[in-house]
Amino acid sequence: MTASLGAVGVGFRSGRRMPASIVVCLVLLAVVLLAVLFGPLLFPDATKQDILSSLMPAGSPGHPLGTDELGRDILALTVAGAASALVGPVCVAVGSMLLGILLGTLAGYERGPLDFAISRWTDLLLALPVLLAAIVVSGVFGGGYWTTVALLVLLFSPSDIRIVRAGVLEQSARPYIEAAQMLSLSRWRVMFRHILPNVSSLVITNAMLNVAFALVAFSSLSFLGVGVPPGTADWGRQLTDSRAIMFDNPAAVIVPALLIIVVACAVNLVGDWLGQRMTRSGGLA
Amino acid sequence: MTGIEVAIDGIAGPAGPMVEALAFAIEPGASLALIGESGSGKTLTAKSLVGLLPPGFGARGVLRVDGREHPLVSTDASWRRVRGREVSLLLQDPFTSLSPVHRCGPQIAWTLEAKAGRRLSKRELDEAVATRLAEVNLPARVARAYPHELSGGMRQRVAIAAAIASDPRLLIADEPTTALDASNQAEILDLLRELQHERGMAMLLISHDLGLVRGRTDEVLVMRHGEVVERGSTATVLSAPEHAYTRALIAADPALALEADHTGDTARGLGHDDGADAGGRAPLVAASGVVKRFGLRTVLDGVDLSIAPGQIAGVVGESGSGKSTLARCIAGLEREDDGTIAFDGRPLAPGRRSRTPEQMQIVFQDPYSSLNPMMSIGAILREALAVGGRRPDEVRALLELVGLPVDAAVKRPAQLSGGQRQRVAIARALAPRPRLLICDESVSALDVQVQAQILDLLGRLRDELDIAILFISHDLAVVRRIADTVTVVWQGRVVEHGTCAQVLDDPAEDYTRLLVAAAHRDSTGRTPVG
């Protein structure tokens, strides 16, 4: 059947405007990003404790969201927590994406023993429960924010490796790759100049999904007390610290919890939409 | 009022009107061919008659089946009463039009219950399916087979059985044989003709190939740019075309033109038969005893082939004969299990590493997947030029050499037509100045007109650049048009080898005769005597 028909249809669809839900998500993410950038200017001493003004309910003068047990302002704490909520997960997603691109491309293109070794390694990592492994390692090595980042990069990489490997396998069989081989191009050029751009939509979609997963994982670890040290501004940490005062100042728990859910959803939706757009306009048929 | 009447006021897409007003009628048991190149609107016309236009497209008009009126603008629910029962659609590609996860039997049976209006017992269904399969000359056991277990020709028969299962009044066949090889094409078309006569079913045959419809349809409608340019009885249109476009289509069709050559005794194709084995010049490529196995299957079983410098060597055979594997072994994309392949007198080890880009390049069948969709044409060609140690500004010269406009360099593959892409693939292959160009079914996916242009281009390149060409094809007419020598391959062995004229005009082997006869019948619609 005529390919031209399909092409016209696709052109018609991709000319469509951005859906409203995506606009809302992007605005939300922009606000969180602004909080990361300008939060420290707005609330320079967000984690300052003031025992005299502890446990004030939401709507109190000077404290629109109230304060917690230690007298920290919930609004200031939540804004300051945006940094830890966004930076870590983005680092995890980007790190595991880079690892995935490197190992996945090698495995998919080179095949043979290298593929076997890399694939068994990913199987091994996939068999580990992410949170449990993170808790154990943090417990043994003393935890800390960047240790958690490094650990999550490792634990998140199998999905990237597998997705890249599958995409590369699929592309490698295509005639344009054989044409590149006929030109005796170096394997690195074939892998990274020819194949990689054609699997990039998969990679980027997966990285966006990983940001959302990592945000939840980070918050869970902080909630369990192994992610960030006590006293740090962090949404997960806020949940665990304010559990006891849930009925004195509900905002102390509801606001960070809601933010975790909303930001994770927004990142997911944007990632999905981006992937669809790239598949439509890009080469992956 | 029996028969099919179609009156389309117009079909419009997101980019504007695509098809002008057109009307036609088909009597029960009669057939009409809709001919045109890709983009002429023939497929849109067909799809509008089953309500399957792509999103963003709309048709106005009416379809009358035995006097029952079906407006073309309609709801999905009312289309469902038309599809299958009044009109069935048979698609081009038997490889994708059947569901890979279902056995063939259920796929034929799907429409039967809807037609009967009640649940049928398993026995009734089995019997009905066996009857349908017998009608398309397939054994009843095919019902239990999955599509991937069948050959292309058999799959298309299953698709036909499914399309006629609910006894439609009109069968629309959209390029039903384009994906098949020559001998299967003829059989499928003859089968369709037979079924039509038996059932008094009208048929609308969509094709880009005028030669194919000769003797197989009653009337022809030639479309171009969404407009009907010529219509009439098939014999009249083919023998005395009125419109210049129809004449161009006939001239571009190697099989039809061939017939004109024979009757008019005019010049032959591009090959110079007399210089066939290029006496005296040592062979550029000499393959001997090449064996290739995939698992337990022996695809090449001791094949010999030699190509002289500057020669166009044709290799013909049906799909599955091993001809492409031979080309890929020579190119180093497959590793032969046994035998030797020598280039310029020096034996080459199996695989790509022992070969240089300056020795040989390949042009593949599918111009859609042989160019990297994420790279611009300029980037693709510059990369290939760099390999040959040539300057990047030679892109312009390269584009001119293959007859592409200079502004093609800034475009992406998706912005070019199939023929243009194939020209880019040829330009890329020529960039390192190879001494051998391997064309693996390089024109099979193209319209006849574009096919003729690419063949002319290859002939011209051979003369200008003095390169040898290994030309793999299932299409005898195409090979005759371009090749100096022909090697016939069947089941992994060379059946016959010689100059184009020797082999194709006076075949010595039974199999070659069969191929030539099938190709001939294909172009004339007659079964040859003897």
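What you see is a predicted model, and the numbers here were worked out from it, not measured in a lab.

Analysis parameters
Residues numbered from 1 in each chain as written. Chains lettered and ligands numbered in written order. Predicted model: local features only at pLDDT ≥ 70, side-chain atom pairs only at ≥ 80, totals over all residues. Heavy atoms only, no water. Patch = residues over 30% accessible without salt bridge, like charges linked within 9 Å, V, L, I, M, F, W, Y side chains within 5 Å. Areas by Shrake-Rupley, 256 points an atom, 1.4 Å probe, with all protein chains shown as cover. Salt bridge = Lys/Arg side-chain N within 4 Å of Asp/Glu carboxyl O. Helix = DSSP H or I, 4+ residues; strand = E, 2+ residues; numbered from the N terminus. Pairing = 2+ DSSP bridges. Axes fitted to C-alpha atoms, helices over the stretch in contact; angles between N-to-C directions. Contact = heavy atoms within 4.5 Å. Nonpolar A, V, L, I, M, F, W, Y, C, P; charged D, E, K, R; others polar. pLDDT = per-residue confidence, 0-100. Core = buried A, V, L, I, M, F, W, Y, C linked by side-chain atoms within 4.5 Å. Buried < 20%, exposed > 50% of the residue type's maximum accessible area, 1.4 Å probe, protein only. Expected span 1.5 Å × (residues − 1). Bend = angle between axes of the 7 residues up to and from the residue. Phe/Tyr/Trp six-rings, centres within 6.5 Å; stacked < 30°, edge-to-face > 60°. Lys NZ or Arg CZ within 6 Å of the ring centre and 35° of its normal. Parallel < 35°, antiparallel > 145°, perpendicular 65-115°, else oblique. Left-handed = near helix turned anticlockwise from the far one by under 90°. Polar contact = N/O pair within 3.5 Å; in protein donor to acceptor, adjacent residues only side chain to side chain.

**Here we look at a nonpolar patch on the surface**
Taken together, the side chains of Met18, Val23, Leu26, Val27 and Val31 of chain A present a nonpolar region at the surface, about 400 Å² in accessible area. Position of Val27 of chain A relative to the elements: it lies in helix H2 (residues 20–42).

**A word on the sheet that holds strand S13 (residues 297–307) of chain B**
Residues and elements named next belong to chain B. An order of S13-S12-S15-S16 is seen for the four strands of this open sheet, with the pairing classed as antiparallel. Edge strands, defined here as strands with exactly one partner in the open sheet, are S13 and strand S16 (346–348). Between one strand axis and the next, the sheet turns through 30 degrees on average, direction left out of account. Note: strand S12 (residues 285–294) against strand S15 (residues 338–343), five bridges, orientation antiparallel. Within S15, the residue paired with Ala286 across the bridge is Ala342.

**Quick word on the interface of chain A and chain B**
Interface size is commonly expressed as the accessible area that is lost once the parts come together. In this complex, chain A contributes 27 residues to the contact, which on the side of chain B involves 38 residues. Measuring nitrogen to oxygen at the nearest pair gives 2.5 Å for the salt bridge that ties Arg328 of chain B to Glu178 of chain A. Looking at the side of chain A that touches chain B, the elements with two or more residues in it are helix H1 (3–14), helix H7 (175–182) and helix H8 (187–223) of chain A. The biggest single contributor to the side of chain A that touches chain B is H8 of chain A, with seven residues. Residues of the side of chain A that touches chain B, tallied by class, amount to 12 nonpolar, nine polar and six charged.

**Digging into the environment of Ala76 of chain A**
Residues and elements named next belong to chain A. By secondary structure assignment, the location of Ala76 is in helix H3 (residues 74–110). Taking the C-alpha atoms as reference, Ala76 lies 8.0 Å from Gly39; in sequence the two are 37 residues apart. Contact partners of Ala76, with chain neighbours within four places excluded, come to Phe43 and Ala46.

**Observations regarding the confidence of the model for chain B**
Residue and element names in this part refer to chain B. Summarising the model, chain B shows a mean pLDDT of 84, and 92% of its residues fall at 70 or more. Note that residues 260–279 has pLDDT below 50 and, in this model, 34 contacts with residues that lie over four places away or in other chains. Scored below 50 in pLDDT, residues 525–530 makes six contacts in the model with residues more than four places away or belonging to other chains. Two summary scores accompany this predicted model of the complex, namely pTM at 0.65 and ipTM at 0.73.

**Observations regarding the nonpolar core**
Core analysis: the biggest nonpolar cluster contains 73 residues, and Ile426, Leu437, Leu458 and Phe471 of chain B have the highest contact counts within it. Top contributing element to this core by residue count: H8 of chain A, with seven residues. With near-sequence residues (within four places) excluded, Leu458 of chain B lies in contact with Ile426, Leu437, Cys439, Ile469, Phe471 and Ile482 of chain B. In terms of nonpolar packing, the next biggest core, distinct from the first, is built from 48 residues, Val142, Ala143, Leu189 and Val213 of chain B among them.

**Some words on the side chain of Glu175 of chain B**
One can find Glu175 of chain B in the loop between strand S8 (170–174) and helix H6 (182–199). For Glu175 of chain B, the contacting residues outside a window of four places in its chain are Lys42, Gln92, Ile206, Ser207 and His208 of chain B.

**What about H8 of chain A?**
Residues and elements named next belong to chain A. Look at H8: only 46 Å from first C-alpha to last across 37 residues, short of the 54 Å you get at 1.5 Å a residue. Along its length, H8 reaches its greatest deviation from straightness, about 60 degrees, at Leu196, and the proline Pro197 lies no more than four positions downstream. Where H8 terminates, the next one or two residues include Gly225, which has phi positive at roughly 85 degrees.

**Details of the packing of aromatic side chains**
What the rule picks out here adds up to four aromatic pairs over all chains. With a centroid separation of 5.8 Å and 5 degrees between ring planes, the pair formed by Trp188 of chain A and Phe192 of chain A is classed as stacked. Of this pair, Trp188 of chain A and Phe192 of chain A both sit in helix H8, four residues apart, which is roughly one turn of the helix. Relative to Tyr511 of chain B, the ring of Trp490 of chain B lies with its centre 5.0 Å away and its plane at 25 degrees, an arrangement referred to as stacked. Of this pair, Trp490 of chain B sits in strand S20 (residues 485–490) while Tyr511 of chain B sits in helix H18 (residues 510–524), and the two are 21 residues apart along the sequence. The structure contains a cluster of three or more aromatic residues connected by ring pairs, namely Tyr145, Trp146 and Phe218 of chain A. The ring of Phe116 of chain A has Arg120 of chain A sitting right over it, with the charged end atom 4.9 Å from the ring centre.

**Looking at the sheet that holds strand S4 (residues 31–35) of chain B**
Within a sheet, neighbouring strands are paired by backbone hydrogen bonds and run either parallel or antiparallel to one another. All names here are of chain B. A sheet is described by the order of its strands in space; here six strands give the open sequence S7-S8-S9-S4-S10-S11, paired in mixed fashion. Looking at the sheet topology across the chains shown, the edges are occupied by strand S7 (87–90) and strand S11 (227–233). Sheet twist, expressed as the average angle between the axes of neighbouring strands with direction ignored, equals 15 degrees. In this structure, S4 lies alongside strand S9 (residues 202–207), joined through five bridges in parallel fashion. Directly across from Leu32, in S9, lies its bridge partner Leu204. Lying over the sheet, helix H5 (residues 152–164) contacts S7 and S8, oriented at roughly 170 degrees with respect to S7. Contacts from helix H9 (residues 244–252) reach S4, strand S10 (219–224) and S11 within the one sheet, and its direction differs from that of S10 by about 100 degrees.

**Side note on the packing of H2 of chain A against H3 of chain A**
When two helices pack together, you describe them by how their axes are tilted relative to each other and by the distance separating the axes. Residue and element names in this part refer to chain A. Closest axis-to-axis distance for the H2/H3 pair is 8 Å, and the angle between their directions is 115 degrees. With respect to H3, the element H2 is oriented roughly perpendicular. Crossing angle aside, the handedness with which H2 passes H3 is left-handed. Listed contacts from H3 to Val32, Leu33, Ala35, Val36 and Gly39 of H2 are Val79, Ala82, Ala83, Leu86 and Val87. Its residues assigned to classes, the contact of H2 with H3 comprises nine nonpolar, one polar and no charged.

**What about the environment of Gln156 of chain B?**
Residue and element names in this part refer to chain B. By the secondary structure assignment, Gln156 is in helix H5. The sequence separation of Gln156 and Val136 amounts to 20 residues, and the corresponding C-alpha distance is 9.7 Å. Residues in contact with Gln156, not counting those within four places in the same chain, are Leu90, Leu91, Gln92, Pro94, Pro176, Leu180 and Ile188. Among the polar contacts made by the side chain of Gln156, one reaches the main-chain carbonyl oxygen of Pro176 at a distance of 2.6 Å.

**With respect to H7 of chain A**
Within H7 of chain A, seven of the eight residues are buried, which leaves it mostly tucked inside the rest of the structure. Of all the positions in H7 of chain A, only Pro175, Tyr176, Ile177, Glu178, Ala179, Ala180 and Met182 of chain A are classed as buried. Elements in contact with the buried residues of H7 of chain A: H3, helix H6 (145–172) and H8 of chain A together with helix H11 (323–331), strand S17 (360–363) and helix H14 (418–430) of chain B. Looking one or two residues beyond H7 of chain A, the residue adopting positive phi is Ser184 of chain A, at roughly 50 degrees.

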